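Fold and geometry: a report
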Amino acid sequence: MVERFFRDLSQQAILPGSFGSVAELVDAINRYLSRHNLEPKRYVWHADGQEVLNKIRRAWASRHKSCNFGFIVCFRVNFSEVR
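These numbers come from a predicted model, not from an experiment.

Before going further, it helps to spend a moment on the overall build of the protein. Looking only at helices and strands, the protein features 3 helices and 0 strands. From first element to last, N terminus to C terminus, the protein shows the α and β order α-α-α. Taking all 83 residues of the protein together, the buried fraction comes to 11%. Taking all contacts inside the protein whose residues are at least 6 apart in sequence as the whole, residues at least 24 apart take part in 35%. For the protein, the accessible area works out to roughly 7,500 Å², and carbon and sulfur atoms hold 56% of it.

Shown next as structure tokens:
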């Protein structure tokens, strides 16, 4: 959920702006946090854990099949040990 918060912060406060100094950037972040804290919204996880693991398995399987880059090492993950 932390990643989602920082994505929102980036998209709503940082990316739309142009900052001439670090102080201006910090001010923009603080303004976003002040607005956000007036009406905070919870980030709720909706995905089923097994579905996430299945998606990861498919991605790793696809990557493993196409992994022929010479110096890049492909790792195999034993998902039966992931709980």
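Once that is clear, we can look at helix H2 (residues 22-38). Over its 17 residues, H2 runs 25 Å from end to end, which matches the ideal 24 Å to within 8%, given 1.5 Å per residue. Among the residues of H2, Ala28, Tyr32 and His36 are the ones counted as buried. Looking straight down H2, one finds its buried side chains confined to an arc of 70°; they lie on one side. Of the exposed residues in H2, those oriented more than 90 degrees away from the buried face are Val22, Asn37 and Leu38. In this fold, the buried residues of H2 make contact with helix H1 (2-14).

To continue, consider the packing of H1 against H2. How two helices pack is summed up by the angle between their axes together with the distance between the axes. For the pair H1 and H2, interaxial distance at closest approach is 10 Å and the crossing angle is 115°. Remark: the crossing between H1 and H2 carries right-handed chirality. Residue-level inspection shows Phe5, Asp8, Leu9, Gln12, Ala13 and Ile14 of H1 in contact with H2, the latter providing Leu25, Ala28, Ile29, Tyr32, Leu33 and His36.

So, about the pattern of salt bridges. Within the structure shown, the criterion is met by 2 salt bridges. For Arg4, the salt bridge is made with Asp8, and the minimal N-O distance between the two is 3.7 Å. Taken together, the positions of Arg4 and Asp8, both in helix H1 and 4 residues apart, correspond to about one turn of that helix. For Arg7, the salt bridge is made with Asp8, and the minimal N-O distance between the two is 2.8 Å. Each of Arg4, Arg7 and Asp8 takes part in a single network of salt bridges with overlapping partners.

The rules behind the values
- Residues numbered from 1 in each chain as written.
- Predicted model: local features only at pLDDT ≥ 70, side-chain atom pairs only at ≥ 80, totals over all residues.
- Heavy atoms only, no water.
- Helix = DSSP H or I, 4+ residues; strand = E, 2+ residues; numbered from the N terminus.
- Buried < 20%, exposed > 50% of the residue type's maximum accessible area, 1.4 Å probe, protein only.
- Contact = heavy atoms within 4.5 Å.
- Areas by Shrake-Rupley, 256 points an atom, 1.4 Å probe, with all protein chains shown as cover.
- Expected span 1.5 Å × (residues − 1).
- Arc of directions from axis to C-beta.
- Axes fitted to C-alpha atoms, helices over the stretch in contact; angles between N-to-C directions.
- Left-handed = near helix turned anticlockwise from the far one by under 90°.
- Salt bridge = Lys/Arg side-chain N within 4 Å of Asp/Glu carboxyl O.

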